[in-house]
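# Working through the structure, step by step
Listed below, chain by chain, are the residues.
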Amino acid sequence: MRLGSGSLWYKNNQLAKMLTAIMDAIQGFGVSSTHYLQTNYQDAQGLFLWVSWAADLRNTFFIFFPLWFHLRASVGIKLIWVAVIGDWLNLVFKWILFGERPYWWVHDAAYYANTVAPHIEQYPMTCETGPGSPSGHAMGAAGVYYTLVTSILAITTSKKKYGSKKSTNKEWYLKAILWTLFWAVQVCVCLSRVFIAAHFPHQVIAGVISGMIVAEAFNKTQWIYSASMKKYFYTTLFLTSFAVGFYVLLKALGVDLLWTLEKAQKWCVRAEWVHLDTTPFASLLRNMGTLFGLGLGLHSPLYTETKKSSSTLVKTGCIISSLVLLHLFDSFKPPTHTAALFYLLSFCKSATVPLVTVSIIPYCVNGALSLQNKKGV
């Protein structure tokens, strides 16, 4: 029995060493890829940084959602669900997979013990504080843009004239253009995340695949368009409780899920680049606030009163007002000196965005236009 137990331990130990060696080789290739991009495409630094900024889910909530909700409410609602559930799954995956990030791994890894590690530059968006796998930016961009492409195609398909060869050709060209743009965006996002040393190549690939799976799942989900306020409340409560409970359970088992924060603070070249809003709990509460705010907005008496108005003028007014006001609102940054206060204010700020977009702005725009019409009479 002892011999068998020892043999099993030896095999497990050898397997662990083999898996470590494989991951080191994959991550070593990733660091080399980052070094190559930074060395040969330094002139594209501004573009890569802009792409990383544009791929942040904050732009889905502050730009894509208000734009699409007022054009076609079902697309806006689906965008929020895809973004929130996708980012929640991304958080859980990261806690399970314990993914490293290039900007700290290159300094920490024994892989470079007998050789000189490649020099890796860091940027203001490099020092994210959560685990790295899968990439949240890649997963979010894939989910959001997959939703947009499939929604646009579904809308145009429902309007086409059956039996028309000309219509079929136009549909084929539209598909080719949209899917080409989709993959162009994904390639740019993946390259940008590797360039700034925030992710390894395998992490961004995993993010793209995961994001597309989440978006496709919601393409087949219909109940979100008629979900009650009670369902929004219980969904928000369940997702928050599950994530917090999972964190507490693993911590009780001796697993520190905030190990990456220490790594970020240790290896980031500038302390001010380590942002509290990139921690896992900040992401969780931001997403839960957004989902809860959407539920409040859709079930607000203001929305019930104004959703019948569908004139082009009203929609245009709502879109412009939403984009301008949300841009101004986004300039408010919750104070970071107290973590609990920061998380609370992040939740409230995130809940306000869909609530204002869905109910308050349309109500005010309708009221202003009605008042103007009465004066005109």
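As a reminder, the structure under discussion sits directly above these lines.
Definitions and limits used
- Residues numbered from 1 in each chain as written.
- Predicted model: local features only at pLDDT ≥ 70, side-chain atom pairs only at ≥ 80, totals over all residues.
- Heavy atoms only, no water.
- Helix = DSSP H or I, 4+ residues; strand = E, 2+ residues; numbered from the N terminus.
- Expected span 1.5 Å × (residues − 1).
- Buried < 20%, exposed > 50% of the residue type's maximum accessible area, 1.4 Å probe, protein only.
- Arc of directions from axis to C-beta.
- Contact = heavy atoms within 4.5 Å.
- Salt bridge = Lys/Arg side-chain N within 4 Å of Asp/Glu carboxyl O.

## Comments concerning helix H13 (residues 312-330)
In a regular helix each residue adds 1.5 Å, so 19 residues correspond to 27 Å; H13 covers 27 Å between its end C-alpha atoms and thus fits that length. Regarding H13, the residues found buried are Val-314, Cys-318, Ile-319, Ser-322, Leu-326 and Asp-330. Each buried residue of H13 lies within a common arc of 130° when the element is viewed along its axis, so the set occupies one face. Residues of H13 that are exposed and point more than 90 degrees away from the buried face comprise Thr-312, Leu-313, Ile-320, His-327 and Leu-328.

## Examining the environment of Ala-73
The residue Ala-73 is located in helix H4 (residues 73-97) in this model. Take Ala-73: its relative accessible area is 27%, and that puts it in the partly exposed class.

## Considering the side chain of Asn-90
Within the element layout of this structure, Asn-90 appears in helix H4. If near-sequence neighbours (up to four positions away) are discounted, Asn-90 is found in contact with Pro-134, Ser-135, Gly-136 and Met-139.

## Considerations on the pattern of salt bridges
For side chains of opposite charge, pairing can occur when their charged atoms come near one another. Using the criterion set out here, one finds 10 salt bridges in the structure. Residues Asp-56 and Arg-58 are paired through a salt bridge, measuring 3.8 Å at the closest nitrogen-oxygen approach. Residue classification places Asp-56 among the partly exposed residues on the basis of a relative accessible area of 24%. A residue is classified by how much of its surface remains accessible, and Arg-58, at 26% relative accessible area, is partly exposed. Close ionic contact of Glu-171 with Lys-175 constitutes a salt bridge, the shortest N to O distance being 3.8 Å. Remark: Lys-175 and Glu-171 occur in helix H7 (residues 165-195); sequence separation between them is four residues, near one turn of the helix. Via salt bridges that share partners, Asp-56, Arg-58, Asp-330, Lys-333 and Lys-349 belong to a single interconnected network.

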